[in-house]
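# Architecture and fold: a report
Spelled out from the first residue to the last, the chains are:
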Amino acid sequence: MRQYPEWYYDEFKQVGVDYTDLGEVHAYDLRMRKLRNIEMESNSIRELLGIKNSDSVLEIGTGTGELALNISAYCKEVVAIDVSKVMIDFARIKVESQNKTNVHFYNAGFLTYENNGDQFDVIITQLALHHLPDYWKMIALKRLYGMLKEDGKFYLRDVVFPSQITDHDSYFANIITDLKNSSGDKIAEETEIHIKEEFSTLDWIMEGLLKSVGFHIENIIYDGFITSYICKK
Ligand SMILES: C[S@@+](CC[C@H](N)C(=O)[O-])C[C@H]1O[C@@H](n2cnc3c(N)ncnc32)[C@H](O)[C@@H]1O
């Protein structure tokens, strides 16, 4: 295993919501399946990226493995990684119970995953990059760029704050109130933790980071404070 210098960011240290807690992981899985239509999400991602049967896909921050599981039916293989061993074990059990053999799980992250195989056709990450501070987001994106084939596609979806906000207090207060009403107290509470402790960044910084490591941004889809970037190497 590679040795990292003393100053290297420890991505296994949890920031914000603790995804090493089994109760939290179970609750997250239930909540997400209730709140999100994962099948619709993965169909749309597949179409946006043009995923084919022959493609090898890397998913970073797979969480409870829902997207990996869905996408695996339409590609050659999915390598799904996460820094939370509890998440990975949970996802692996789910995938094995469905007799899927083309999803491979590793307990690693943006900054530590070492790809010993061929470069990937597609790399996907949803709601995970914000766990890293901005400098380390750049290092993560640079590493992903290196793991992607020429012309390969990169899909990044995450919480990104719009730079045109002027009244930050009411912007965040409205988000929390809307979430409480639409999705319940727990999601609103997690979002408060997210804003306070996690590292979501501003739109112009995210775009700058993607471009600075070499990605060509083909499309940006804004959905409130969640933004999707469809990029090409
Ligand atoms: C909010 S969950 C999102 C899970 C899943 N992608 C989804 O869309 O539901 C964030 C996930 O990112 C993982 N994570 C946090 N930091 C990470 C890192 N540096 N590298 C890879 N995964 C990370 C967490 O363990 C957690 O499973």
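So, here is what we can say about the structure in this document. Every chain is numbered on its own, with residues counted from 1 as its sequence reads. Given that the model is predicted, a residue must reach a pLDDT of at least 70 before its local features are reported, and side-chain atom pairs must reach 80 or more before they are shown or counted; all residues, however, enter totals for whole chains, interfaces and linings. Think of the side-chain values as coming from all heavy atoms in the structure, minus any hydrogens and water.

## Notes on the pattern of salt bridges
Stated precisely, the cut-off is as follows: Put simply, a salt bridge is a Lys or Arg side-chain nitrogen that is within 4 Å of an Asp or Glu carboxyl oxygen. Only runs of H or I of at least four residues qualify as helices and only runs of E of at least two qualify as strands under DSSP, and these elements are numbered from the N terminus.
In this structure the tally under the stated criterion is 16 salt bridges. As a salt-bridge pair, K186 and E24 come within 3.7 Å of each other at their nearest N and O atoms. In this pair, K186 is assigned in helix 7 (residues 185-197) and E24 in helix 1 (residues 22-35), connecting sequence segments 162 residues apart. The partner of E218 in a salt bridge is K153, and the shortest N-O contact between them spans 3.1 Å. Linking E218 in strand 7 (residues 216-223) with K153 in strand 5 (residues 148-161), this pair joins segments that are 65 residues apart in sequence. Look at the salt bridges and you will find they share partners, linking R2, E114 and R143 into a network.

## Focus: unusual backbone geometry
As a reminder of what qualifies: A 1.4 Å probe rolled over the protein chains alone gives each residue an accessible area, and that area as a share of the maximum for its type sets the label: buried under 20%, exposed over 50%, partly exposed in between.
The phi angle at L127 is positive, at roughly 55°, despite the residue not being glycine. With respect to the element layout, L127 can be found in the loop between strand 4 (120-126) and helix 5 (134-147). Here L127 falls in the partly exposed class, since its relative accessible area comes to 23%. In this structure, D151 takes a positive phi of about 70° despite not being glycine. Along the chain, the position of D151 falls in strand 5. Of the residues examined, D151 reaches a relative accessible area of 52% and is grouped as exposed.

## Quick look at the nonpolar core
Among soluble globular proteins, nonpolar side chains are generally buried collectively. Short version of the rule: To define a nonpolar core, start from buried Ala, Val, Leu, Ile, Met, Phe, Trp, Tyr and Cys residues and group those joined through side-chain atoms within 4.5 Å. The contact criterion used throughout is that any non-hydrogen atoms of two residues lie within 4.5 Å.
If you look at the biggest cluster of nonpolar residues, it comprises 34 residues, and the most contacted ones within it are L58, F110, L111, I123, F154 and L210. When contributions to this core are tallied by element, the ones reaching two or more residues are strand 1 (56-60), strand 2 (77-81), strand 4, helix 5, strand 5, helix 8 (203-212) and strand 8 (226-232). A per-element tally of this core places helix 5 first, with six residues. Ignoring anything within four residues of it in the chain, the contact list for L111 reads Y4, Y8, Y9, E11, L132, W136, I139, A140 and R143. Counting 20 residues, the second-largest nonpolar core is a separate cluster that includes L67, C75, V122 and I124.

## Some details on the pairing of strand 4
Basically, it comes down to this: Strands were regarded as paired on the criterion that DSSP finds at least two bridges between them.
With respect to burial, strand 4 is a largely interior element, seven of its seven residues being buried. With four bridges joining them, strand 1 and strand 4 adopt parallel strand pairing. By the bridge assignment, E59 is partnered in strand 4 with I124. As paired strands, strand 4 and strand 5 are joined by six bridges and run parallel to one another. By the bridge assignment for strand 5, V122 is matched with K153.

## Focus on the site of the ligand
Rules: Proximity criterion: a residue is near a molecule or strand once any of its heavy atoms comes within 4 Å of it. Each polar contact in these results corresponds to two N or O atoms within 3.5 Å; when the atoms are within protein, one needs to be able to donate a hydrogen and the other to accept it, and residues that are neighboring in sequence are counted only if both atoms are side-chain atoms. Residue burial considers only the protein chains on display, and all accessible areas are found by Shrake-Rupley using a 1.4 Å probe. Grid points spaced at 1 Å and placed over the protein atoms alone form the basis of the search, with a cavity being a set where a 1.4 Å probe fits but cannot get out and a pocket an open set showing protein on both sides within 12 Å along at least five of seven lines. Lining residues have an atom within 4 Å of a point. Molecules are considered to sit inside a cavity or pocket once more than half of their atoms lie within 2 Å of its grid points. Just so you know the grouping, Ala, Val, Leu, Ile, Met, Phe, Trp, Tyr, Cys and Pro go in nonpolar, Asp, Glu, Lys and Arg go in charged, and all remaining residues, Gly too, go in polar.
Around the ligand sit 19 residues, and of these E11, Y28, G61, D82 and Q126 come closest. The separation between an oxygen atom of the ligand and a polar side-chain atom of D82 is 2.6 Å. Contact with the protein chains hides 95% of the accessible area of the ligand, taken as 600 Å² for the molecule alone. A molecule is said to occupy a pocket when more than half its atoms come within 2 Å of that pocket's grid points, and by this definition the ligand occupies the largest pocket. Residues belonging to the shell around the ligand are distributed by class as follows: nine nonpolar, seven polar and three charged.

## Some remarks on the state of the cysteines
Keep this limit in mind: In what follows, a disulfide is any cysteine sulfur pair within 2.5 Å.
If you walk through the whole model with that rule in mind, you get zero disulfides. C231 supplies the cysteine sulfur nearest to C75, a cysteine that is in no disulfide, at a spacing of 19 Å. A relative accessible area of 0% places C231 in the buried class.

## Observations concerning the layout of surface pockets
Stated formally: Grid points are joined across faces, edges and corners, and a volume is the space filled by probe spheres set on the points.
One number sums up the size of the largest pocket: a volume of about 1,100 Å³. Looking at the largest pocket, it is lined by 48 residues, and the ones nearest its centre are Y19, Y28, R36, L127 and H130. Mapped by element, the contributors of at least two residues to the lining of the largest pocket are helix 1, helix 2 (38-49), strand 1, helix 3 (66-71), strand 5, helix 6 (168-183) and helix 7. With four residues, helix 7 is the single largest residue contributor to the lining of the largest pocket. Here the residues of the lining of the largest pocket sort into 22 nonpolar, 15 polar and eleven charged.

## What about helix 6?
Spelled out, the test is: To estimate how far a helix should extend, the number of its residues minus one is multiplied by 1.5 Å. Throughout, the arc means the angular range of directions from the helix axis out to the C-beta atoms.
With 16 residues, helix 6 ought to run about 22 Å at 1.5 Å a step, and its terminal C-alpha atoms sit 22 Å apart, in line with that. When helix 6 is considered as a whole, its buried residues turn out to be F172, I175, I176 and L179. Across the axial projection of helix 6, the buried residues extend over an arc of 90°, all falling on one side. Along helix 6, the residues that are exposed and aim more than 90 degrees away from the buried face are D169, D178, N181 and S182. Looking at the buried positions of helix 6, the neighbouring elements they touch are strand 5 and helix 7. Positioned one or two residues after helix 6, G184 has a phi angle of 100°, which is positive.

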